Amino acid sequence: METVFTDIPAMSESETGEDGLSQHVVERLFFLCQEASARASHLQQSVLACFTLSVKRYDPLHVFYAFRRMEMGERFFWEVPATGQALIGVGSAVTINAQGANRFDDAAEAVRFYQDHALVAGDEYSPLFFGGFRFDPQRPPTELWHGFPEGLLILPRFLYQCHPGREQATLTLHMLIEPETAIEPLSTLFIEQLRRFNAIVASIPVHRFLQANDEVTPLRISNVLPPQEWMGIVAKAVEKMQRGEYQKVVLARAVEASRELPFDIEATLARLRVNYPNTFVFAIQRGNKYFVGATPERLARAHNGLIETMALASSAPRGKTEAEDRMFERELERPKTMHEHLIVVDMIRSALEQICSEVTVDKKPQLLKLKNIQHLHTHIAGRLLPGCYVLDVMKDLHPTPAVGGFPREKALEEIRLHEKLDRGWYAGPIGWVDGNGNGEFAVALRSALIDGQKATLFVGNGMVADSDPESEFRETCLKTPVMLRGLGGECE
Ligand SMILES: C=C(O[C@H]1C=CC=C(C(=O)O)[C@@H]1O)C(=O)O
C-alpha cells in the first residue's frame, strides 16, 4: 500500500461551489485516479484507489437511507451504538467470495492482496471490507439463503464511517483501476456521485431516524417446526449427551413473521438500536433480501496486535421488579448453567493459546443484561502472534460452543443431521476487517432474514446432558422478541 496524500481534505472548503464540493477535492480525486492508472499500466494489473474525505457526522441511519436513494447497489450497515462506531457502505468496488474449509485463510489472503495493491489518499486508511460467513459450509444451502455465500467480504464503492469520539465522519471512495480503465469518465462519475450524496443527505430531515417508530404492526407469526417436533429433536440430543456421546450442543429453530407491506429496513434498525444499545446492530443486503440483527456476542476484535473476545452463554429472563430480576440472576449461578458457560470459556481459551503469546481470562463471569433477557459473559483477551489477522482468529474460534457445541465436530454433526434448519448466516461471523488485519466480528445472533413482507427469525439455545426440552424451548422464546420488536411486532 502506498499513501499519496496524508492529509484528509474536507468535502467542502472555503471555495466550495453550490454542490458542496471544493475544487481542491475534485483535483485531488482526479490526481489519485491518474496515479493509480499509471501504476496499473506499469504493473499490468489492477490497482485499488482509496480516496478519503472528512465529512459531516450524520446519524448512521440517515446515511444508510441516503445510500438507498443513491441507487448505487447493495448496502450494509454496522453500528455499535454504545461506542459510536458505525460503518455504512453501498455498492461494491471489490467482492471477495470465499468457500470451503479454507474460507477464512482465503479471505485473509485476498484482503492482503488488495492492501498490497492499494494507493491511498488519507492518512491511516487501510481498505476496509465488510461481510459475513455461513455458519456451516458443509451443510448444503437451501433457496432461503440464496445470495448469501459461504464467505463474503465487500469493499464498498462508498464507505461512510463514524469513529468513536470524533466529531467529523469520513467518506471513502474505492475504485479498482485496471490498466485499460479510462480515467476521465471514472473520476467524473465519482465526482457526480459525491455531488449527489451531498444533495441527498442535505435533503433528508436531520431527525428522521433519531427516534424509533414504536407503532405496533400486526404480524402473522408461525413456528417453522411445530414446537413438539423441535422438543423431540432436543430430547434425542439430550439422550446422546447422557450416553456421553458429546457434552454440549446448541440447537436452533426458525420463526416466520409476515405482514401486508414489505418490512421497512431503516425503521427496523432504528428500533433495534434503541431497544438494544449494547449490541452490534447490523444489516447486509443481497439482492432484495436483508440479513438484519442486534447481537450481543462479540466473536473477536483485533486492534494493533491485541485480541478481545468473549464467552457468552446461558440465559435467564429479566424480572419485572428488582427482586425478581435478582431471582433470575440466581438461575444463572446454578451448576448446570455455569457448566454450560464454562465449556465455552475453556474452548475459547485453548483456541487463543494457539495464536497468542499471552491470554487473560476474567476470573468470574459477569452478567450481561439486555431488555427481557440476561446472560453470563466472560471477557477473554490476548496478544496475537506477529502477522495474525482477525480472520486467522476466527478460523480457530468459529463456531464456539456458544453456537455449535462441544466437542465441535460431534456437535456440528448433530446440528447438520438433526436440526432440520438451514442456519445460513445465522450464528456465523459478521463484521469487518481492514488490510492491516484489524477488525471486529460479531456472532450473528438475534437476527432475521428479511425478504419483502416475510422475515425468518432464528433463535437457538445451548443444551447439556441434564437439559429439559420444554425449558429449552421456553428459553428460545426469550430471544424471539428482539427481532419481533425490531420488526415492529407486538411482544408482550
Ligand atoms: C444461540 C443463541 O444464543 C447464544 C448466546 C447466548 C446465550 C445462549 C444460551 O443461552 O444458550 C447461546 O449460547 C441465540 O441467541 O440464538
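Residues numbered from 1 in each chain as written. Predicted model: local features only at pLDDT ≥ 70, side-chain atom pairs only at ≥ 80, totals over all residues. Heavy atoms only, no water.

(A) The arrangement of the overall build of the protein chain in detail. Across its full length, the protein chain carries twelve helices and 24 strands. Expected size for 492 residues packed as a compact globule is a radius of gyration near 23 Å; at 23 Å, the protein chain falls within 12% of this value. In terms of principal-axis extent, the alpha carbons of the protein chain reach across some 70 × 50 × 40 Å. Within the span of the protein chain, comprising 492 residues, buried residues form 59% of the whole. For the protein chain, the share of sequence-separated contacts (at least 6 apart) that also reach a separation of at least 24 residues comes to 76%. If you sum the accessible surface of the protein chain, you get close to 20,200 Å²; carbon and sulfur atoms cover 49% of it. Averaging the coordinates of the 52 positive side-chain charges in the protein chain and doing the same for the 65 negative ones gives two points 5 Å apart. (Helix = DSSP H or I, 4+ residues; strand = E, 2+ residues; numbered from the N terminus. Rg over C-alpha atoms; globule rule 2.2 N^0.38 Å. Buried < 20%, exposed > 50% of the residue type's maximum accessible area, 1.4 Å probe, protein only. Contact = heavy atoms within 4.5 Å. Areas by Shrake-Rupley, 256 points an atom, 1.4 Å probe, with all protein chains shown as cover. Lys, Arg positive; Asp, Glu negative; His and termini not counted. Charge placed at Lys NZ, Arg CZ, Asp CG, Glu CD.)

(B) Just the confidence of the model for the protein chain, in detail. Scored by pLDDT, the protein chain has a mean of 93; 98% of the residues are at 70 or more. Reported for the predicted complex are a pTM of 0.96 and an ipTM of 0.99. (pLDDT = per-residue confidence, 0-100.)

(C) The UniProt feature "domain: Chorismate-utilising enzyme C-terminal" (unreviewed entry) in the protein chain, seen in detail. Residues annotated by UniProt as "domain: Chorismate-utilising enzyme C-terminal" (unreviewed entry) correspond here to residues 228–479. Helix makes up 34% of residues 228–479 and strand 37%, with an end-to-end C-alpha separation of 18 Å. (UniProt positions renumbered as here; feature names shortened; annotations may be inferred.)

(D) Quick peek at the packing of helix 1 (residues 23–43) against helix 4 (residues 183–203). Between helix 1 and helix 4, whose axes approach to 10 Å, the crossing angle comes to 145°. For the pair helix 1 and helix 4, the sense of crossing is right-handed. Residues Val25, Val26, Leu29, Phe30, Cys33, Gln34 and Ser37 of helix 1 form the contact with helix 4, whose participating residues are Ile183, Glu184, Ser187, Phe190, Ile191, Leu194 and Arg195. Partitioned by chemical class, the residues of the contact of helix 1 with helix 4 number nine nonpolar, three polar and two charged. (Axes fitted to C-alpha atoms, helices over the stretch in contact; angles between N-to-C directions. Left-handed = near helix turned anticlockwise from the far one by under 90°. Nonpolar A, V, L, I, M, F, W, Y, C, P; charged D, E, K, R; others polar.)

(E) The domain arrangement of the protein chain, seen in detail. Domain annotation for the protein chain reports domain 1 (21–201) and domain 2 (218–485). Relative placement of domain 1 and domain 2: their C-alpha centres are 28 Å apart. Across the boundary between the two partners, domain 1 contributes 51 residues, which contact 55 residues of domain 2. The junction of domain 1 with domain 2 conceals about 4,700 Å² of combined surface from both sides, 59% of it contributed by carbon and sulfur atoms. Summed over the three residues of domain 1 that lose the most area to domain 2, namely Phe135, Trp145 and Phe148, the buried surface amounts to 18% of that side. Counting the contacts that link domain 1 with domain 2 gives nine salt bridges. Between Glu266 and Arg75 there is a salt bridge, with its nearest N and O atoms 2.8 Å apart. Taken together, the links from domain 1 to domain 2 amount to 33 residue pairs in polar contact (both at pLDDT 80 or more). Grouping the amino acids of the side of domain 1 that touches domain 2 by side-chain chemistry returns 29 nonpolar, ten polar and twelve charged. (Domains from an automatic or database assignment. Buried area = accessible area lost by both parts, 1.4 Å probe. Salt bridge = Lys/Arg side-chain N within 4 Å of Asp/Glu carboxyl O. Polar contact = N/O pair within 3.5 Å; in protein donor to acceptor, adjacent residues only side chain to side chain.)

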